[in-house]
2 protein chains.
Amino acid sequence: MGDKKAILLLSGGLDSSTCGIIARDMGFDIYAMTFAYGQRHEFELTAAKKVACFLSAKEHRIVNIDLRAFGSSALTSDIDVPKARDISNSSDIPITYVPARNTIFLSYALAWAEVIDCTDIFIGVNSIDYSGYPDCRPEYIAAYEKMANLATVAAIQGRTIKIHTPLISLLKAQIIKIGLKAGMDYSITHSCYDPAEDGTPCGLCDSCQIRKKGFDEAALLL
Amino acid sequence: MGDKKAILLLSGGLDSSTCGIIARDMGFDIYAMTFAYGQRHEFELTAAKKVACFLSAKEHRIVNIDLRAFGSSALTSDIDVPKARDISNSSDIPITYVPARNTIFLSYALAWAEVIDCTDIFIGVNSIDYSGYPDCRPEYIAAYEKMANLATVAAIQGRTIKIHTPLISLLKAQIIKIGLKAGMDYSITHSCYDPAEDGTPCGLCDSCQIRKKGFDEAALLL
């Protein structure tokens, strides 16, 4: 490893973990950042710790933020997580959307990047399987990057901040294939929005369905 | 008052309070948001509560965030607040700069705006007296607004988010003059970065100096 640093927004799920192994294989030292934001699926924090360890992260910060103060998402309030929904119809914005979540997460990453003198931020957003989330789209990421390059001292000093989204235009099966080829151990990752207390996935929420479909299709690609 | 809602980022200082009275006089109902971010000058939280009350805010949320996790600013770490600095030389970025602070604050405001179905956010940034802060510049705000209009469900549904910065090109004395004409009670506001425990301002930090200079000059304008 050299002295290239990257902030990795790491949920402990399939996408962010794959994003991490891609960053590592690009020669970056990983500074992982995970948010405890009152989500139902706190088990993902445990997964995030395992993945950070697997990626030999230099540091792993778990930041407590209280998105529940705003309510209105099934992931952070008392609304039931939808089960066995038809995920092939993704034109609606799912109830699991958390207001401005990626904007808040990227803003924390930007602050940490500035402090550790890092200009590379990795986020595992994906516009294919989750086209219903406005803050997973390429045009959003481009606008965020432009703003970030005006927001910081690094920007004033002429160093360019890059928001890396290596998964943005990939199908879930392609993401899994890339991860498996790079040696990712997906058994330590976690996707379910509504797991049992011991972390067992429900198998029915959108995230479980998308994960299963991804592995099924990846099997055909390998 | 009508049904126009505005989020006001309210520190309890002179600028955000004036920004609030401007928003109120534009006919907005005020939803004030204040951050407890481990700042030295926690006394400003008390001032923020008084100002929110003065502005008849519909709600006032105090959000706990831990910017100290990132360190590196005199406002949030053990670095001494500079005293009796020559504020007429503002080409350097002051040590009191908090990394990505406005980016984080605006992101929380954006999340709340989305939840309460509001498209107007007021922030009292000023590019004249604080040209050293990258995230107080008009080009930064314009880029943030553009990003915000791609980040949210409101954006997808065609409602435009507006980041209002009524003070951005005003001198401190002009800000004070506008506030006084609108009936702002500045005695309840607080500016000092390093007050005594009872809130008495130090009189020497940048913020105290700028406040005093502003009132001196406003006296000539009135």
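Residues numbered from 1 in each chain as written. Chains lettered and ligands numbered in written order. Predicted model: local features only at pLDDT ≥ 70, side-chain atom pairs only at ≥ 80, totals over all residues. Heavy atoms only, no water.

Enquirer: Mind showing me how you'd approach the pattern of salt bridges here?
Expert: Note on pairing: side chains with opposite charge can pair once their charged atoms come close. Residue and element names in this part refer to chain B. Counted under the stated rule, the structure contains 14 salt bridges over all chains. Across the salt bridge formed by K172 and D15, the nearest N and O atoms sit 2.9 Å from each other. Separated by 157 residues along the polypeptide, K172 in helix α6 (residues 172-181) and D15 in helix α1 (residues 14-25) bring together distant segments of the chain. D15 shares its class with K172; the two are buried. For the salt bridge of R24 with D25, the shortest nitrogen-to-oxygen distance reads 3.4 Å. (Salt bridge = Lys/Arg side-chain N within 4 Å of Asp/Glu carboxyl O. Helix = DSSP H or I, 4+ residues; strand = E, 2+ residues; numbered from the N terminus. Buried < 20%, exposed > 50% of the residue type's maximum accessible area, 1.4 Å probe, protein only.)

Enquirer: Could you clarify how one ought to interpret the packing of helix α6 (residues 172-181) of chain A against helix α7 (residues 206-221) of chain A in this entry?
Expert: For any two helices packed against each other, one specifies the inter-axial angle together with the distance between the axes. Residue and element names in this part refer to chain A. Taken N-terminus to C-terminus, the directions of α6 and α7 make an angle of 65 degrees; their axes are 7 Å apart at the nearest point. The handedness of the crossing between α6 and α7 comes out as right-handed. From α6, K172, A173, Q174, I176 and K177 reach across to α7, where they touch I210, R211, G214, F215, E217, A218 and L221. Considering only residue class, the contact of α6 with α7 consists of 6 nonpolar, 2 polar and 4 charged. (Axes fitted to C-alpha atoms, helices over the stretch in contact; angles between N-to-C directions. Left-handed = near helix turned anticlockwise from the far one by under 90°. Contact = heavy atoms within 4.5 Å. Nonpolar A, V, L, I, M, F, W, Y, C, P; charged D, E, K, R; others polar.)

Enquirer: I tried to follow the state of the cysteines on my own but got confused; where do I start?
Expert: What we call a disulfide is simply a covalent bond connecting the sulfur atoms of a pair of cysteines. Going through the model one piece at a time under the given rule, you end up with 0 disulfides over all chains. Of all cysteine sulfurs in the structure, the one in C136(A) sits closest to C19(A), which takes part in no disulfide; the separation is 12 Å. C19(A) gets classed as buried once you look at its relative accessible area, which sits at 0%. No disulfide involves C192(B); its sulfur sits 3.6 Å from that of C202(B), the nearest cysteine. Residue classification places C192(B) among the buried residues on the basis of a relative accessible area of 1%. (Disulfide = S-S within 2.5 Å.)

Enquirer: Explanation requested: the side chain of T189(A) in the structure shown.
Expert: Residues and elements named next belong to chain A. Mapped onto the elements of the fold, T189 is located in the loop between α6 and α7. A distance of 2.7 Å separates the side chain of T189 from the backbone oxygen of Y186, its partner in a polar contact. At a separation of 3.0 Å, a polar atom in the side chain of T189 contacts the side chain of R211. Ignoring anything within four residues of it in the chain, the contact list for T189 reads G12, G13, L14, S17, A47, V51, M184 and R211. (Polar contact = N/O pair within 3.5 Å; in protein donor to acceptor, adjacent residues only side chain to side chain.)

Enquirer: It is not clear to me how the packing of aromatic side chains should be interpreted in this structure. Could you clarify?
Expert: The geometry of an aromatic ring pair comes down to the distance between the two centres and the angle between the two planes. One pass over the full model with this rule turns up 13 aromatic pairs over all chains. Each ring, one from Y186(A) and one from F215(A), has its centre 5.7 Å from the other, and the planes form 85 degrees; the classification is edge-to-face. Within this pair, whereas Y186(A) is found in the loop between α6 and α7, its partner F215(A) is found in helix α7, the two being separated by 29 residues in sequence. The class of Y186(A) is buried, set by a relative accessible area of 5%. Relative to Y108(B), the ring of F35(B) has its centre 5.6 Å away and its plane inclined at 65 degrees; by these criteria the two rings are edge-to-face. With F35(B) in strand β2 (residues 29-36) and Y108(B) in helix α3 (residues 101-116), this residue pair connects regions lying 73 residues apart in the sequence. (Phe/Tyr/Trp six-rings, centres within 6.5 Å; stacked < 30°, edge-to-face > 60°.)

Enquirer: What is the right way to look at the sheet that holds strand β2 (residues 29-36) of chain A in this model?
Expert: The pairing of strands in a sheet comes from backbone hydrogen bonds and takes either a parallel or an antiparallel form. Residue and element names in this part refer to chain A. Here we have 5 strands laid out as an open sheet, ordered β3-β2-β1-β4-β5, and parallel in their pairing. The strands lining the two open edges of the sheet, one partner per strand, are β3 (59-64) and β5 (162-164). Shown here is a sheet whose adjacent strand axes are inclined to one another by a mean of 25 degrees, direction ignored. Bridge count for strand β1 (residues 5-9) against β2 is 5 bridges, and the pairing is parallel. Across the sheet, I7 pairs through a bridge with Y31, a residue of β2. In the packing of helix α2 (residues 43-54) onto the sheet, the strands contacted are β2 and β3, and the crossing angle to β2 comes to about 175 degrees. (Pairing = 2+ DSSP bridges.)

Enquirer: Which parts of the structure should I look at to understand the confidence of the model for chain A?
Expert: Atomic detail in the predicted coordinates should be set aside for any region of low pLDDT. Per-chain confidence: chain A averages 84 in pLDDT, with 81% of residues scoring 70 or above. In the predicted complex, the global pTM is 0.86; the interface-specific ipTM is 0.84. (pLDDT = per-residue confidence, 0-100.)

Enquirer: Got a minute to help me understand the interface of chain B and chain A in this structure?
Expert: Accessible area lost during the coming together of the parts is what is often quoted as the interface size. At the interface, 33 residues of chain B touch 33 residues of chain A. The contact between chain B and chain A buries some 3,000 Å² in all, and 74% of this surface belongs to carbon and sulfur atoms. Counting across the chain B and chain A interface gives 0 salt bridges. Taken together, the elements giving at least two residues each to the side of chain B that touches chain A come down to α3, α4 (138-151) and α5 (153-156) of chain B. Taken together, the residues of the side of chain B that touches chain A sort by class into 23 nonpolar, 5 polar and 5 charged. (Buried area = accessible area lost by both parts, 1.4 Å probe.)

Enquirer: What is the right way to look at the relation of the copies chain B and chain A in this model?
Expert: Between the two chain copies there is a screw-like relation: a rotation about an axis and a shift along it. When chain B is fitted to chain A, the best match, at an RMSD of 0.0 Å, comes from turning it 180 degrees and sliding it 0.0 Å along the axis. Both copies of the chain, as the preceding transformation shows, are related through a two-fold rotation axis. Interface overlap between copies is the fraction of interface residues in one copy that are interface residues in the other; for chain B against chain A it reaches 100%, indicating a shared surface. (Least-squares fit on C-alpha atoms with pLDDT ≥ 70 in both.)

Enquirer: What is the right way to look at the environment of P195(A) in this model?
Expert: Within the element layout of this structure, P195(A) appears in the loop between α6 and α7. Note: C-alpha distance between P195(A) and I161(A) (34 residues apart in sequence) is 36 Å.

Enquirer: In this structure, what is going on with the sheet that holds β2(B)? I would like to understand it.
Expert: Residue and element names in this part refer to chain B. Taken in spatial order, the 5 strands of this open sheet run β3-β2-β1-β4-β5, and their pairing is parallel. Every other strand in the sheet has two partners, leaving β3 (59-64) and β5 (162-164) as the edge strands with one partner each. Between one strand axis and the next, the sheet turns through 25 degrees on average, direction left out of account.

Enquirer: Would you take a moment to explain the nonpolar core for this structure?
Expert: If you look at soluble globular proteins, the nonpolar side chains tend to sit buried side by side. Core analysis: the biggest nonpolar cluster contains 80 residues, and I7(A), Y108(A), I7(B) and Y108(B) have the highest contact counts within it. Those elements giving two or more residues to this core turn out to be β1, β2, α3 (101-116) and α4 (138-151) of chain A together with β1 (5-9), β2, α3 and α4 of chain B. (Core = buried A, V, L, I, M, F, W, Y, C linked by side-chain atoms within 4.5 Å.)

Enquirer: I would appreciate a short explanation of unusual backbone geometry in the present structure.
Expert: All names here are of chain B. For S56, which is not a glycine, the phi torsion comes out positive at approximately 55 degrees. For S56, the position within the fold is in the loop between α2 (43-54) and β3. One non-glycine residue, D117, lies in the positive phi region at around 65 degrees. For D117, the location among the structural elements is in the loop between α3 and β4 (120-122).

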